[in-house]
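Commentary on secondary and tertiary structure
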Amino acid sequence: MDAKDILGLPKTPLPITQEKKSRPQKDSQRKPDGISREVYALTGGLAPLMPSIDVSQLKRRPPSDEKITWQWLPFTSSARKDDLQLYHWARVVNGVPPTGDYSFAKYNKSVDVIRYTDEEYEKYLTDPTWTKEETDQLFDFCERFDLRFIIIADRFPTSRTVEELKDRYYSVSRAILIARAPSPGEVAGHPLVKEPYNVSQETERKRALSMVLSQTKHQERKDAEVIAEAKRIAESRMAAQGVEEPDLPVTSDIGPENAEKAIGHGDAISPSNVHVPSAAVAPSTSILADNTSTLASLRMLRVYLRTYALEQMVQAASSSAGLRTIKRVEQTLQDLGVNLKPKVPTKAVCAEHLELRKEILTLLNLQKQLQYKEAEGSSFRDGSYGDMPGTPKRSLRAADQDRTFVPDTISFGGERVGKREQKRKGPGRVSETPSSPAHKRPRKLKASDL
Amino acid sequence: MINSSSSKKHGTDQQEISGPTAKSQRAQMGKPEESENKKRLKDVEISVPIVFGNAAFWLGKKASDYQSHKWTVYVRGATNEDLSVVVKRAVFQLHSSFNNPTRVVESAPFELSESGWGEFEIAITLYFHSDVCEKPLNLFHHLKLYPEDESGPMSTKKPVVVEFYDEIVFTEPSESFLARVQNHPAVTFPRLPAGFTLPPPDESKRNRGDTKDHPLSQWFLNFSEADELLQLAAARQQVQAHIAKLRRQISMIDGQNQQLKPPSDQ
């Protein structure tokens, strides 16, 4: 009964005779023709709205004119060197067995390993580190194992590294190619000739890879730290140089790159590459340092676009600022009606633009400073809540207000400093004036302010 | 734009502490560069103002699916002067669907005309004469065929023009370069170190490569730094005033906080 449920069949326990009669009626309900019952049941017993399989195509193919049988027949393969005869099932059409080569023989590809003659060996291929027997054996293996050097290295009687084997094979093949070619130009395009195998590079590369692969998480973290440290040191070194001798060409740009490469090659090398300079440069000179280093790197370029130079200088100037500050600078620029990227970037325009950006940064910093000072001030006053009931709320409000610089192109709201002072006199106030700056609304410049 | 007068335009020249190459104004005598016996002037830069962009004409009735616009991408001197005094050749790298997408232009005017339907980024590489600079410079321009206002009608008479102003800056130029281009209108000549003299230029080899009478010149845009400078100066004034105000306020509060500290400290 459960099975019938699962299959979605009706539960009626009809006897067989009755089943036979009622089957034609129930057929359409039970299953469509063409699909077996189990398959139909997989769909949940419901017919799909659009039949995904064209039902008429299934099992209703017109019987083909050909007579097809399957026979157990012998076959040979051109891929085999012997004449071994094997047997398999073959599709026989009208009594004609399939012709042609074994269908999989075409996949039997192998590498064209160049074989040299003995004279060629004497003439071109002798090498102090390799005997003729070894070289012969190497080439045998290469042919046998289709240049699978790992296997060749494994089976080689004398112990040779994979790189050595590859080196010998490729240099021999290359020498033969060049020697046999009628003119050097003809083989110049051949990959073996164009790109010779570089043993030292390969060894180094594999060593570096394995070092990177075998790095533990701890190592990774250490590496990241070292890179950051190297960068900082290089920058402070540049700053020290830049501040003292601005005319010196800056080579320490290469410094962090070198450190990074060294680290990439293996952490064994990196600690020795990074020296800690004795001169520590104060952060306030960092902006100047960035500027000088950018200038120097621009000079090294010999040719550049003014817009590119401006971008670099802007980046250098805002390197100390976070993303939000940069966005605020840009917002301010827009509010002031200045293009973020000057439309006519002449030298003068770029200089002015840069100065403007720096001034806006100063402005934002000052605004922040002011906020802190006021918060400080109001926290001093918060000593006794009872005395000054109004203060906490107001000082909080002041501290919370985002003191955005809204330039006068947008609004001309007046700042009534004097009047507000008078209104805000509260009981037990130490002095009146401190409150007024703390309670200003977002500043709006009056025309008279300028 | 003729030579050194450009830097004296606004009287702020004297206080050019902040310009990226302020040093070029108080340049010292350059040390000779060892390579190639070319004497280079250190701390001197020379700039070439250029404008690059494209003009695209809709083909109207003659437009087909694959050729709806005829466009020209170009690099010209900002005042339509001849750039070939500096630029040896320009290579325009087009979209790979074009035949021979790498187009080389060996002489001024440095431009390329084609017809097509699509907008794509064109890489323009400028190669300079050997005494100017060994390294080429890359510019990128996104070809614009369709007007900003998509709903507006497209005209076959008025092209869609997009241009960008920029300046190519050459640092530490060689003496031979400077000698060759002095008095050339395409180049912004720097102020040379005191007492430095150059041999007179060779006037004879002057081919006509300027774009003053170029067929497209009626559509060229004008770029004037005056407006931008005014804008920037006004903005700076505002910001500076605000900074001064804030500074006053901060010092005021500092004073007050000093007074507040002893009594109300918890």
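The coordinates are above.
Below is a summary of the structure that appears in this document. Not measured: the values here are computed from a predicted model.

1. Considering the overall build of chain A
- Tallying secondary structure elements over chain A gives 20 helices and 3 strands in all.
- Going through the 450 residues of chain A one by one, you find that 33% of them count as buried.
- Total accessible area on chain A stands at roughly 29100 Å², and carbon and sulfur atoms take up 55% of it.

2. What to know about the nonpolar core
- If you look at the biggest cluster of nonpolar residues, it comprises 46 residues, and the most contacted ones within it are B:Trp71, B:Val86, B:Ile122, B:Leu126, B:Phe128, B:Ile168 and B:Phe170.
- In terms of residue count, strand 1 (residues 45-58) of chain B provides more of this core than any other element does, 5 residues in total.
- The contact partners of B:Phe128, leaving out residues within four places of it in the chain, are A:Val303, B:Val86, B:Val87, B:Lys88, B:Cys133, B:Lys135, B:Pro136, B:Leu137, B:Ile168 and B:Phe170.
- A:Tyr116, A:Phe145, A:Ile152 and A:Leu165 belong to the second-largest nonpolar core, a separate cluster that totals 25 residues.

3. Brief notes about the environment of B:Ser130
- Considering the arrangement of structural elements, one finds B:Ser130 in the loop between strand 6 (121-128) and strand 7 (137-142).
- With 43 residues separating them in the primary sequence, B:Ser130 and B:Val87 have C-alpha atoms 9.7 Å apart.

4. Looking at unusual backbone geometry
Residue and element names in this part refer to chain B.
- Of the consecutive residues Ala108 and Pro109, the connecting peptide bond is found in the cis state with omega at -5 degrees.
- By secondary structure assignment, the location of Pro109 is in the loop between strand 4 (102-105) and strand 5 (110-116).
- One non-glycine residue, Asn80, adopts positive backbone phi at about 65 degrees.
- With respect to the secondary-structure elements, Asn80 resides in the loop between strand 2 (69-77) and strand 3 (87-93).
- Judged by its relative accessible area of 15%, Asn80 falls in the buried class.

5. Details of the environment of A:Lys106
- Mapped onto the fold, A:Lys106 is located in the loop between strand 2 (86-93) and helix 4 (118-125).
- Note: C-alpha distance between A:Lys106 and A:Ala79 (27 residues apart in sequence) is 7.7 Å.

6. Points about the sheet that holds strand 2 of chain B
- Strand order across the open sheet formed by 5 strands is 3(A)-8(B)-1(B)-2(B)-5(B), with antiparallel pairing between neighbours. In the strand order of this sheet, the two ends are held by strand 3 (303-305) of chain A together with strand 5 of chain B, each with one partner. Put simply, the sheet's adjacent strands are angled 20 degrees from each other on average, direction ignored.
- One ladder, built from 7 bridges, connects strand 2 of chain B with strand 5 of chain B; its direction is antiparallel. Bridging across to strand 5 of chain B, B:Val73 finds its partner in B:Leu112.
- Contacting strand 3 of chain A together with strand 1 and strand 8 (160-171) of chain B, helix 15 (residues 306-317) of chain A crosses the sheet at an angle of about 80 degrees to strand 3 of chain A.

7. Remarks on the pattern of salt bridges
- Scanning all chains against the criterion turns up 27 salt bridges over all chains.
- With a shortest N-O distance of 3.0 Å, A:Glu163 and A:Lys206 are connected by a salt bridge. With A:Glu163 in helix 7 (residues 162-180) and A:Lys206 in helix 10 (residues 199-213), this residue pair connects regions lying 43 residues apart in the sequence.
- A salt bridge links B:Asp131 to B:Arg180, with the shortest nitrogen-to-oxygen separation between them at 3.0 Å. Separated by 49 residues along the polypeptide, B:Asp131 in the loop between strand 6 and strand 7 and B:Arg180 in helix 1 (residues 175-181) bring together distant segments of the chain.
- Taking the relative accessible area as the measure of exposure, B:Asp131 reaches 15% and is therefore buried.
- A cluster of three or more residues bridged by salt bridges with shared partners is formed by A:Arg306, A:Lys347, B:Glu45 and B:Glu167.

8. Considering the pairing of strand 6 of chain B
All names here are of chain B.
- Here 6 bridges tie strand 3 to strand 6, and the two strands are oriented antiparallel to one another. Bridged to Val91 within strand 6 is Thr125.
- Bridge count for strand 6 against strand 7 is 6 bridges, and the pairing is antiparallel. When the sheet's bridge partners are listed, Ile122 is paired in strand 7 with His141.

9. Things to note about the packing of aromatic side chains
Residues and elements named next belong to chain B.
- Overall, the coordinates contain 23 aromatic pairs over all chains when judged by the stated rule.
- Ring centres of Trp71 and Phe120 lie 6.0 Å apart, and the angle between their planes is 75 degrees; on these two criteria the pair is classed as edge-to-face. Taken together, the positions of Trp71 in strand 2 and Phe120 in the loop between strand 5 and strand 6 put the pair 49 residues apart, joining distant regions of the chain.
- Note on Trp71: relative accessible area 0%, which makes it buried.
- Judged by its relative accessible area of 9%, Phe120 is buried.

10. Brief notes about the pairing of strand 2 of chain B
Residue and element names in this part refer to chain B.
- The buried count for strand 2 comes to 8 of 9 residues, which makes it a mostly enclosed element.
- Bridge count between strand 1 and strand 2: 9 bridges; the pairing is antiparallel. Pairing of Gly53 across the sheet is with Tyr74, part of strand 2.

11. Some points on the sheet that holds strand 4 of chain B
Residue and element names in this part refer to chain B.
- Taken in spatial order, the 4 strands line up as 4-3-6-7 in an open sheet, and their pairing is antiparallel. A single partner strand is all that each edge strand has here, and the edge strands are strand 4 and strand 7. For this sheet, the mean angle separating the axes of adjacent strands, direction not counted, is 20 degrees.

What counts as what
Residues numbered from 1 in each chain as written. Chains lettered and ligands numbered in written order. Predicted model: local features only at pLDDT ≥ 70, side-chain atom pairs only at ≥ 80, totals over all residues. Heavy atoms only, no water. Helix = DSSP H or I, 4+ residues; strand = E, 2+ residues; numbered from the N terminus. Buried < 20%, exposed > 50% of the residue type's maximum accessible area, 1.4 Å probe, protein only. Areas by Shrake-Rupley, 256 points an atom, 1.4 Å probe, with all protein chains shown as cover. Core = buried A, V, L, I, M, F, W, Y, C linked by side-chain atoms within 4.5 Å. Contact = heavy atoms within 4.5 Å. Pairing = 2+ DSSP bridges. Axes fitted to C-alpha atoms, helices over the stretch in contact; angles between N-to-C directions. Salt bridge = Lys/Arg side-chain N within 4 Å of Asp/Glu carboxyl O. Phe/Tyr/Trp six-rings, centres within 6.5 Å; stacked < 30°, edge-to-face > 60°.

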